[in-house]
Amino acid sequence: MNVYDAVATVGWVLIVLGWWFRKDRRRHLSCVIPGMVVDLGLVLWLEVARSVIEKTVSTTYALHEQIHIGASTVAVVLYIPTIVLGILLIRGGGPAVRL
């Protein structure tokens, strides 16, 4: 396991713990926010340090690698509404935001 895998694992574990504690707002936020920061930070670091997006576009990958790239892309894109809705809930949006 390399450093990138270890960092990704930490982020994933934090997000899973956040889901586990979804009914306890304090614990939920204490896990999910650092988990998202770690995951997004890793994606940004890989892009800056290794030009991952450029390599992904210009290289042919096996099916399992394409699935990984697709799932990672969807996760990063879905962080945007997740973060926005989370901020609205923290600020007291209530049931209207949940709908």
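Here the structure is a predicted model, which means the values were calculated and not measured.

So, about the packing of aromatic side chains. All told, the structure shown has zero aromatic pairs when counted by the stated rule. Residue placement shows R22 over the ring face of W19; its charged tip is 4.3 Å from the ring centre.

Viewed as axis vectors pointing N to C, helix α2 (residues 25-50) and helix α4 (residues 63-90) meet at an angle of 150°, and their least axial separation amounts to 12 Å. Taken together, the axis directions place α2 and α4 in an arrangement best described as roughly antiparallel. For the pair α2 and α4, the sense of crossing is left-handed. Note on element contacts: α4 touches α2 through V76, Y79, T82, I83, L89 and I90, opposite R25, L29, M36, D39, L40 and V43. Residues of the contact of α2 with α4, tallied by class, amount to nine nonpolar, one polar and two charged.

Okay, the pattern of salt bridges next. Opposite charge on two side chains makes pairing possible when the charged atoms of those side chains draw close. Within the structure shown, the criterion is met by one salt bridge. Among the ionic pairs, R27 bridges to D24, the shortest N-O distance being 3.8 Å. A relative accessible area of 39% places R27 in the partly exposed class.

Taking 1.5 Å as the rise per residue, helix α1 (residues 3-20) with 18 residues should run 26 Å; its terminal C-alpha atoms sit 26 Å apart, in good agreement. Two or three places before Y4, at the opening of α1, N2 has a side-chain oxygen 3.0 Å from that residue's backbone nitrogen.

Contact geometry of α1 with α2 gives a least axis separation of 7 Å together with a crossing angle of 155°. Considering the angle they form, α1 stands roughly antiparallel to α2. Classified by chirality, the crossing of α2 by α1 is left-handed. When α1 is examined against α2, the residues Y4, V7, A8, G11, L14, I15, L17, G18 and W19 are found in contact with a partner set consisting of H28, C31, V32, P34, G35, M36, V38, L42, W45, L46 and R50. Class assignment for the residues of the contact of α1 with α2 results in 15 nonpolar, four polar and one charged.

Further remarks concern the environment of Y4. Position of Y4 among the secondary structure elements: in helix α1. We classify Y4 as partly exposed; its relative accessible area is 26%. Along the backbone, Y4 and Y61 are 57 residues apart, and their C-alpha atoms lie at a distance of 19 Å. Leaving out residues up to four positions away in the same chain, Y4 has contacts with L42, W45, L46 and R50.

Between the first and last C-alpha of α4 there are 40 Å, a value that for 28 residues agrees with the 40 Å anticipated at 1.5 Å per step. The largest bend in α4 amounts to roughly 25° and is located at Y79, with the proline P81 lying one to four residues further along. Positioned one or two residues after α4, G92 has a phi angle of 95°, which is positive.

Cut-offs applied
Residues numbered from 1 in each chain as written. Predicted model: local features only at pLDDT ≥ 70, side-chain atom pairs only at ≥ 80, totals over all residues. Heavy atoms only, no water. Phe/Tyr/Trp six-rings, centres within 6.5 Å; stacked < 30°, edge-to-face > 60°. Lys NZ or Arg CZ within 6 Å of the ring centre and 35° of its normal. Axes fitted to C-alpha atoms, helices over the stretch in contact; angles between N-to-C directions. Helix = DSSP H or I, 4+ residues; strand = E, 2+ residues; numbered from the N terminus. Parallel < 35°, antiparallel > 145°, perpendicular 65-115°, else oblique. Left-handed = near helix turned anticlockwise from the far one by under 90°. Contact = heavy atoms within 4.5 Å. Nonpolar A, V, L, I, M, F, W, Y, C, P; charged D, E, K, R; others polar. Salt bridge = Lys/Arg side-chain N within 4 Å of Asp/Glu carboxyl O. Buried < 20%, exposed > 50% of the residue type's maximum accessible area, 1.4 Å probe, protein only. Expected span 1.5 Å × (residues − 1). Polar contact = N/O pair within 3.5 Å; in protein donor to acceptor, adjacent residues only side chain to side chain. Bend = angle between axes of the 7 residues up to and from the residue.

Read these as layout, nothing more, since geometry by itself doesn't imply function.
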